[in-house]
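Examination of the molecular architecture
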Amino acid sequence: GNMTVLLSYKKDGFPWNGDVCHPIFVRVYDNEVWISYWDRDIIAVFEYTGDALVYKRTYGRTSGLNVGAIRIRAFSYNKDEGRVYLTADAPKKIACLDAETHHLLGHFGFVRWEDYNNNPETPGAFLTPSGIIELGDNLVVCDYSNNRVQLIPKEFLFATQFDVEYELDYGEEVDNVL
């Protein structure tokens, strides 16, 4: 076989122009190649033709995502459920998007740094949610900076309101809208 570059940064780093910008995670579902674009806050989906990637669609921040960035590190697409589960490093959460409408269905998590001796291991606290995979009715989520792996029931993503407030460790109140 021949080695080839399928995508590179040529114009603006957006997939609909055939570009890529800081790709960080890739998965193949059926004949589609899904790639998360770190600096563009999106997952781009391409059809693999055997020698090229042809742009099909994008998942990312919608009108319901009232944050500056979502920095999607990893994702898991569940075709049967029609859902895309993802880790969003910028707001330090896990989230779920509808695979058909691309709308935000739910989110879960809050910011807390706990990578130290005798830390309380607070469930749902993230600093760098970096990996995600489904395990039955649960999600297994890696947190790079907190040095731990959490098991989160999928139902927790749909139990939160979209404008919940939480406090960071240094006491600043933040409007938590993913």
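For clarity, every value in this text was computed on a predicted model and none was experimentally measured.

Turning our eyes to something else, we now look at the overall build of the chain. Scanning the chain from N- to C-terminus turns up 0 helices and 15 strands. Residues counted as buried form 46% of the 178 residues belonging to the chain. Partitioning the intrachain contacts of the chain with sequence separation of at least 6 by distance along the chain shows that 41% fall at a separation of at least 24. Accessible area for the chain stands at about 9,500 Å²; split by element, carbon and sulfur atoms hold 50% of it.

On to the packing of aromatic side chains. A ring pair, where both rings are aromatic, is described by two values, the distance of the centres and the angle of the planes. Per the stated rule, a full pass over the model turns up 11 aromatic pairs. When the ring of Phe25 is compared with that of Phe75, the centres are 5.0 Å apart and the planes differ by 85 degrees; the resulting orientation is edge-to-face. One end of the pair, Phe25, is in strand S1 (residues 23-29); the other, Phe75, is in strand S5 (residues 72-78), and 50 residues separate them in sequence. Neither Phe25 nor Phe75 differs from the other in exposure class; each is buried. Where Tyr29 meets Trp34, the ring centres are 5.2 Å apart and the plane angle is 75 degrees; that geometry is what we call edge-to-face. Under the relative-accessibility criterion, Tyr29 is labelled buried at 17%.

Let's shift gears to the confidence of the model for the chain. Confidence along the chain averages 86 in pLDDT terms, with 85% of residues attaining 70 or more. The element-level mean pLDDT for the chain is lowest in strand S14 (residues 164-167), coming to 37, with strand S12 (residues 138-143) highest at 98. Long-range and interchain partners of residues 161-178, a stretch whose pLDDT sits below 50, account for 46 contacts in this model, where long-range means more than four residues apart.

Here we take up the environment of Tyr116. Its location among the elements puts Tyr116 in the loop between strand S9 (110-111) and strand S10 (125-126). Between the alpha carbons of Tyr116 and Asn146 there is a distance of 8.2 Å; along the sequence they are 30 residues apart.

A sheet is described by the order of its strands in space; here 4 strands give the open sequence S1-S2-S3-S4, paired in antiparallel fashion. Strand pairing shows two members of the sheet lacking a second neighbour, S1 and strand S4 (53-60), which therefore form its edges. In this sheet, adjacent strand axes meet at a mean angle of 25 degrees when their direction is disregarded. Where S1 and strand S2 (residues 32-37) come together, 6 bridges link them in antiparallel fashion. Its bridge partner being in S2, Tyr29 is matched across the sheet by Glu32.

This brings us to the pairing of strand S11 (residues 129-135). Both S11 and S12 contribute to a ladder of 6 bridges, which runs antiparallel. Among the inter-strand pairings, Gly131 is bridged to a residue of S12, identified as Cys142. Between S11 and S12, which pair antiparallel in sequence order, lie 2 residues; one of them, Gly136, sits at a positive phi of approximately 65 degrees.

Conventions used here
Residues numbered from 1 in each chain as written. Predicted model: local features only at pLDDT ≥ 70, side-chain atom pairs only at ≥ 80, totals over all residues. Heavy atoms only, no water. Helix = DSSP H or I, 4+ residues; strand = E, 2+ residues; numbered from the N terminus. Buried < 20%, exposed > 50% of the residue type's maximum accessible area, 1.4 Å probe, protein only. Contact = heavy atoms within 4.5 Å. Areas by Shrake-Rupley, 256 points an atom, 1.4 Å probe, with all protein chains shown as cover. Phe/Tyr/Trp six-rings, centres within 6.5 Å; stacked < 30°, edge-to-face > 60°. pLDDT = per-residue confidence, 0-100. Pairing = 2+ DSSP bridges. Axes fitted to C-alpha atoms, helices over the stretch in contact; angles between N-to-C directions.

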